[in-house]
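# Coordinate analysis (summary)
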Amino acid sequence: MKINIFFAVLGTVLAIYSWYTFAIIYHLIRFGVGTKPKRMALIFFIGSFVLFSIAIITYLKIDWVNIIRIK
Amino acid sequence: MSIFTFSKNSFEGQLPGETTILVTRKHWIFLALPLFFVFLTALLVIVLTFWLSSFSWWERFSSLWEFIVSVIFLILWNLGFYLVTMYSLNTVIITNKRIIENEQRGLFKHVINEIQLKNIQDISVKIMDFFAQLLNYGDIEIQSAGAVDKFFFNHLPHPEKIKNLIMKQKVGEI
């Protein structure tokens, strides 16, 4: 079976990013004192989701043909 | 969603009948300073985008730059919240029974120190420099009769008030 390097790198980056995001949310909810850190975790989650979606959309919109073409 | 409606000052490991008197963290300046650099970086990226858009080749590479900017913002968002997490999890909790210090050193290292109020022998406040005097933050040193003889809480806001509050609680405990 041939492994596509691009998808392997993308998968690794996504896994690290997801783990990191989960760790922050987990810490804020589990160890935060009172309700404020829990609300922060919610804001962080929503913001991360929105920014991640924007990153995916902008990636799909990259005009590779225009960038690679030789003038 | 009960975690969002739970008591204002509840914490993990709270004993039955234990009341939280004060939850304090380092002075806000220790969060604001690193966050300022995160905002500054975001601002620089925006300024850089305006500057780059004046070049003739901008049209060709703009879609790639938009992607790069969105990734930079995602990284900055995560970095900012990492700083907020570290700040909000490093707490000193004063209850009617004890003082608990939660020390979060990175995401996976967590140290908890606690002193029973009855073991407190002496408390001293140190305000070490000009900015500490100006912003009213300082260090509190507690001499204890327990297994660990000295406790240090650094960069706490209004250290004198905290000291008085601890003394008041200790008197109440006796």
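Residues numbered from 1 in each chain as written. Chains lettered and ligands numbered in written order. Predicted model: local features only at pLDDT ≥ 70, side-chain atom pairs only at ≥ 80, totals over all residues. Heavy atoms only, no water.

## As for helix H2 (residues 58–89) of chain B
- Across its 32 residues, H2(B) extends 44 Å between first and last C-alpha, which sits within 8% of the 46 Å expected from 1.5 Å per residue.
- Where H2(B) bends most, at B:Leu64, the angle is about 35°. (Helix = DSSP H or I, 4+ residues; strand = E, 2+ residues; numbered from the N terminus. Expected span 1.5 Å × (residues − 1). Bend = angle between axes of the 7 residues up to and from the residue.)

## Examining the domain arrangement of chain B
- Domain annotation of chain B identifies domain 1 (20–26 + 90–171) and domain 2 (32–85).
- Each of domain 1 of chain B and domain 2 of chain B was reduced to a C-alpha centroid, and the two centroids are 38 Å apart. (Domains from an automatic or database assignment.)

## Overview of the interface of chain B and chain A
- The interface of chain B with chain A comprises 37 residues on the first partner and 39 residues on the second.
- Inspection of the chain B/chain A interface yields zero salt bridges.
- Of all the secondary-structure elements, those providing two or more residues to the side of chain B that touches chain A are strand E1 (20–25), H2 and strand E2 (91–95) of chain B.
- Broken down by element, the residue count for the side of chain B that touches chain A peaks at 19 residues, all from H2(B).
- Taken together, the residues of the side of chain B that touches chain A sort by class into 19 nonpolar, 12 polar and six charged. (Contact = heavy atoms within 4.5 Å. Salt bridge = Lys/Arg side-chain N within 4 Å of Asp/Glu carboxyl O. Nonpolar A, V, L, I, M, F, W, Y, C, P; charged D, E, K, R; others polar.)

## So, unusual backbone geometry
Residues and elements named next belong to chain B.
- Positive phi outside glycine occurs at Asn136, with the angle close to 60°.
- Of the residues examined, Asn136 reaches a relative accessible area of 32% and is grouped as partly exposed.
- In this structure, His155 takes a positive phi of about 55° despite not being glycine.
- As for its placement among the helices and strands, His155 is situated in strand E7 (residues 150–157). (Buried < 20%, exposed > 50% of the residue type's maximum accessible area, 1.4 Å probe, protein only.)

## Structural notes on the layout of surface pockets
- In this structure, the largest pocket occupies an estimated 520 Å³ of space.
- Lining the largest pocket are 17 residues; nearest its centre among them are A:Leu10, A:Val13, A:Leu14, A:Phe52 and B:Val71.
- The set of elements that each furnish at least two residues to the lining of the largest pocket consists of helix H1 (5–31) and helix H2 (36–60) of chain A together with H2 of chain B.
- It is H1(A) that contributes the most residues to the lining of the largest pocket, seven residues altogether.
- Grouping the constituent residues of the lining of the largest pocket by class yields 16 nonpolar, one polar and no charged. (1 Å grid on protein atoms, 1.4 Å probe; cavity = no way out; pocket = protein on both sides within 12 Å on 5 of 7 lines; lining within 4 Å. Points joined across faces, edges and corners; volume = space filled by probe spheres on them.)

## Digging into the confidence of the model for chain A
- When pLDDT is averaged across chain A, the result is 89; 94% of the residues are at 70 or more.
- Of all helices and strands in chain A, the one with the weakest mean pLDDT is helix H3 (residues 64–68) of chain A (85), whereas H2(A) scores best (94). (pLDDT = per-residue confidence, 0-100.)

## Section: the pairing of E2(B)
All names here are of chain B.
- The buried count for E2 comes to five of five residues, which makes it a mostly enclosed element.
- Neither face of E2 is exposed, since Thr91, Ile93 and Thr95 on one face and Val92 and Ile94 on the opposite face are all buried.
- As paired strands, E1 and E2 are joined by five bridges and run antiparallel to one another. If you follow Thr20 over to E2, its bridge partner there is Thr95. (Pairing = 2+ DSSP bridges.)

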